[in-house]
Amino acid sequence: MSVLLRAAATRFEALEPTLNRLDAATGDGDHGATMVKGLRAAAEADQEPGTAFRKAAGGASGMLFAQVIDALVQIEGGAPVGPSLQKAAQRISMLGQAKAGDKTMLDALLPASTCGTLAEAAAAAHAGCEATEAMEAKRGRAKYVEGAGVGHVDAGATSVAELLKLFAGGAVA
């Protein structure tokens, strides 16, 4: 059982209303609740944390964020940051048929995957997340809302940035 996953579950309980509000502007408004459900399961899992996250969170986001959870657990265990995040980003891109600039979680994860440390990855993810505010959504429900979500930060990118910040020890402002 990962101490950091337990901390993530607690942190995302506090973030739940904010993430739901971000998601409501461009999606169905349940991203925060989904993350909390998945992180609680991952933190308490007897099985692989990513699998527990996927099963508890369900849906597309459960499957996609399970890749990030698996990468973070591997990094916590000593795996290299960049390659671990790159592998997760490649799987997410393949599963979600998304790429950089589509206003998705990848806009935070891809810049992070080029970094050598968690602190650098957290900073890169934060910058990538902030950049989604000006992007037009090309994937997910956000592409169907008026203005394709321009003016709103992507909830999934926010969750990636928050997870990396937490795993980096809060090293990002």
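Scroll up to find the structure this text is about.
Asks: How would you sum up a nonpolar patch on the surface? Please name residues and give values.
Replies: A cluster of nonpolar side chains, Met63, Met94 and Leu95, forms an exposed patch at the surface whose accessible area comes to about 260 Å². With respect to the element layout, methionine 94 can be found in helix H5 (residues 81–96). Judged by relative accessible area, methionine 94 falls into the exposed class, the value being 55%.

Asks: Talk me through helix H8 (residues 155–167); I want residue IDs and the actual numbers.
Replies: The end-to-end C-alpha distance of H8, which contains 13 residues, comes to 18 Å, matching closely the 18 Å that a straight helix rising 1.5 Å per residue would cover. With 11 of 13 residues buried, H8 is to be regarded as a mostly interior element. Of all the positions in H8, only Ala155, Gly156, Ala157, Thr158, Ser159, Val160, Ala161, Glu162, Leu163, Leu164 and Phe167 are classed as buried. Between a side-chain oxygen at the N-terminus of H8 and the backbone nitrogen of glycine 156 the separation is 3.1 Å; the capping residue is aspartate 154. Positioned one or two residues after H8, glycine 169 has a phi angle of 85°, which is positive.

Asks: If you had to explain the pattern of salt bridges to someone new, which residues and values would you point to?
Replies: Under the counting rule described, the total for this entry stands at three salt bridges. Among the ionic pairs, glutamate 13 bridges to arginine 40, the shortest N-O distance being 3.0 Å. Placement of glutamate 13 in helix H1 (residues 3–26) and of arginine 40 in helix H2 (residues 31–43) is noted, with a sequence separation of 27 residues between them. Take glutamate 13: its relative accessible area is 35%, and that puts it in the partly exposed class.

Asks: Describe the packing of helix H7 (residues 118–131) against H8, listing the residues and the values that go with them.
Replies: Between H7 and H8, whose axes approach to 8 Å, the crossing angle comes to 160°. Classed by the angle they form, the pair H7 and H8 counts as roughly antiparallel. The two elements H7 and H8 meet at a crossing, and its hand is left-handed. Here Leu118, Ala121, Ala122, Ala125, His126 and Cys129 of H7 lie close against H8, whose contacting residues are Ala157, Thr158, Val160, Ala161, Leu164, Lys165 and Phe167. Looking at side-chain class alone, the contact of H7 with H8 contains 10 nonpolar, two polar and one charged residues.

Asks: I'd love a proper account of the nonpolar core, names of residues and values included.
Replies: Counting 46 residues, the largest nonpolar core has Leu39, Leu85, Leu109, Leu163 and Leu164 as its most contacted members. Broken down by secondary-structure element, the contributors of at least two residues to this core are H1, H2, helix H3 (49–57), helix H4 (59–76), H5, helix H6 (106–112), H7 and H8. With seven residues, H4 is the largest single contributor of residues to this core. Residues in contact with leucine 164, not counting those within four places in the same chain, are Leu72, Leu85, Ala112, Leu118, Ala121, Ala122 and Ala125.

Asks: If you had to explain unusual backbone geometry to someone new, which residues and values would you point to?
Replies: With a phi close to 65°, lysine 103 is a non-glycine residue in the positive phi region. Along the chain, lysine 103 turns up in the loop between H5 and H6. Take lysine 103: its relative accessible area is 2%, and that puts it in the buried class.

Asks: Go over the packing of aromatic side chains, please, and point to the residues and values.
Replies: Each aromatic ring pair is specified by the distance between its two centres and by the angle formed by the two planes. Counted by the stated rule, this structure contains one aromatic pair. Ring geometry for phenylalanine 53 and phenylalanine 65: centres 6.5 Å apart, planes at 40°, overall tilted. Remark: phenylalanine 65 occurs in helix H4 and phenylalanine 53 occurs in helix H3; sequence separation between them is 12 residues. You'll find phenylalanine 53 and phenylalanine 65 in the same group, each marked buried.

What counts, and at which threshold
- Residues numbered from 1 in each chain as written.
- Predicted model: local features only at pLDDT ≥ 70, side-chain atom pairs only at ≥ 80, totals over all residues.
- Heavy atoms only, no water.
- Patch = residues over 30% accessible without salt bridge, like charges linked within 9 Å, V, L, I, M, F, W, Y side chains within 5 Å.
- Areas by Shrake-Rupley, 256 points an atom, 1.4 Å probe, with all protein chains shown as cover.
- Salt bridge = Lys/Arg side-chain N within 4 Å of Asp/Glu carboxyl O.
- Helix = DSSP H or I, 4+ residues; strand = E, 2+ residues; numbered from the N terminus.
- Buried < 20%, exposed > 50% of the residue type's maximum accessible area, 1.4 Å probe, protein only.
- Expected span 1.5 Å × (residues − 1).
- Polar contact = N/O pair within 3.5 Å; in protein donor to acceptor, adjacent residues only side chain to side chain.
- Axes fitted to C-alpha atoms, helices over the stretch in contact; angles between N-to-C directions.
- Parallel < 35°, antiparallel > 145°, perpendicular 65-115°, else oblique.
- Left-handed = near helix turned anticlockwise from the far one by under 90°.
- Contact = heavy atoms within 4.5 Å.
- Nonpolar A, V, L, I, M, F, W, Y, C, P; charged D, E, K, R; others polar.
- Core = buried A, V, L, I, M, F, W, Y, C linked by side-chain atoms within 4.5 Å.
- Phe/Tyr/Trp six-rings, centres within 6.5 Å; stacked < 30°, edge-to-face > 60°.

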